[in-house]
Amino acid sequence: MLQGIGPISAAQILISWSHSGRFRSEAAFAAFAGVAPIPASSGLTNRHRLNRSGDRQLNRALHTITLIRIRLDPITRAYVARRISEGKTARDAQRCLKRAICRQLFKLLERGDQPTRQIAADGLPQAA
């Protein structure tokens, strides 16, 4: 699976996911997980914050995955460094990372119950 996802986090993700088709889109899953950005602008400041509603246990699992990835994964460290160089704070960079991880999980879970495809010698996909 993905780096940073241990057995407890995976169990929480699967419990919250329940079944394919429960969420109409990746954005709906992110809102349920509490990682959808909400505008928090004031005056000339244009920024977002995380939604505090949603499934708190799923949000905690995503937070744990985020912390582990920041500590261990060089690709994630580069992502966070790029976001910080774009002018975001470390907290905003972590918010963006949570959303990206949620997007990865949604794609992985939606694809999970579909039959796998193998590429044949002629280059056309075939159902396995």
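Keep in mind that this is a model prediction, so the values were computed, not measured.

A. A look at the nonpolar core. If you look at the biggest cluster of nonpolar residues, it comprises 24 residues, and the most contacted ones within it are Phe29, Val35, Leu62, Cys102 and Leu105. Listing elements by their share of this core, those giving two or more residues are helix H1 (7-17), helix H2 (26-33), helix H3 (56-72), helix H4 (74-85) and helix H5 (90-111). Tallying contributions element by element places H5 first for this core, with 8 residues. Each residue touching Leu105, except ones within four places of it in the same chain, is listed here: Leu2, Ile5, Ile13, Phe29 and Leu62.

B. Expanded view of the packing of H1 against H3. One way to put it is that H1 packs onto H3 with a least axis distance of 9 Å and a crossing angle of 145°. Pair H1 / H3 crosses with left-handed handedness. Residues Ser9, Gln12, Ile13 and Ser16 of H1 pack against Gln57, Leu58, Ala61, Thr64 and Ile65 of H3. Its residues assigned to classes, the contact of H1 with H3 comprises 4 nonpolar, 5 polar and no charged.

C. Up close: the environment of Leu58. Among the secondary structure elements, Leu58 is positioned in helix H3. Each C-alpha atom of the pair Leu58 and Ser16 lies 6.7 Å from the other, and the pair is 42 residues apart in sequence. Aside from chain neighbours lying at most four places away, what touches Leu58 is Gln12, Ile13, Ser16, Phe29, Phe32 and Ala33.

D. Representation of the environment of Val80 in the model. The topology assignment puts Val80 in helix H4. Residue Val80 is classed as buried on the basis of its relative accessible area, which comes to 12%. Taking the C-alpha atoms as reference points, Val80 and Arg95, 15 residues apart in sequence, are found 10.0 Å from one another. Discounting chain neighbours no more than four positions away, the residues touching Val80 are Ile70, Ala93 and Leu97.

E. Main features of the side chain of Arg69. Looking at the secondary structure, you find Arg69 in helix H3. The side chain of Arg69 is buried and forms no salt bridge, while Asp73, the nearest opposite charge, is found at 5.0 Å. Those residues in contact with Arg69, other than ones at most four positions away along the chain, are Leu2, Gln3, Thr76, Ile101 and Gln104.

F. Main features of the pattern of salt bridges. Here the structure, examined in full by the defined rule, presents 4 salt bridges. Arg99 is the partner of Glu26 in a salt bridge, and the nearest nitrogen-oxygen pair spans 2.2 Å. Of this pair, Glu26 sits in helix H2 while Arg99 sits in helix H5, and the two are 73 residues apart along the sequence. Exposure remark for Arg99: the relative accessible area of 15% places this residue in the buried category.

G. Looking closely at the confidence of the model for the protein chain. Taken over all residues, the pLDDT of the protein chain has a mean of 85, while the share at 70 or more is 87%. Note that residues 119-123 has pLDDT below 50 and, in this model, 3 contacts with residues that lie over four places away or in other chains.

H. Up close: the packing of H3 against H5. One way to put it is that H3 packs onto H5 with a least axis distance of 10 Å and a crossing angle of 110°. In terms of their interaxial angle, H3 and H5 are classed as roughly perpendicular. Taken together, the residues of H5 that come into contact with H3 (itself represented by Asn59, Leu62, His63, Ile65, Thr66, Leu67, Arg69 and Ile70) are Gln94, Leu97, Lys98, Ile101, Cys102, Gln104 and Leu105. Its residues assigned to classes, the contact of H3 with H5 shows 8 nonpolar, 5 polar and 2 charged.

Criteria and thresholds
- Residues numbered from 1 in each chain as written.
- Predicted model: local features only at pLDDT ≥ 70, side-chain atom pairs only at ≥ 80, totals over all residues.
- Heavy atoms only, no water.
- Core = buried A, V, L, I, M, F, W, Y, C linked by side-chain atoms within 4.5 Å.
- Buried < 20%, exposed > 50% of the residue type's maximum accessible area, 1.4 Å probe, protein only.
- Helix = DSSP H or I, 4+ residues; strand = E, 2+ residues; numbered from the N terminus.
- Contact = heavy atoms within 4.5 Å.
- Axes fitted to C-alpha atoms, helices over the stretch in contact; angles between N-to-C directions.
- Left-handed = near helix turned anticlockwise from the far one by under 90°.
- Nonpolar A, V, L, I, M, F, W, Y, C, P; charged D, E, K, R; others polar.
- Lys, Arg positive; Asp, Glu negative; His and termini not counted.
- Salt bridge = Lys/Arg side-chain N within 4 Å of Asp/Glu carboxyl O.
- pLDDT = per-residue confidence, 0-100.
- Parallel < 35°, antiparallel > 145°, perpendicular 65-115°, else oblique.

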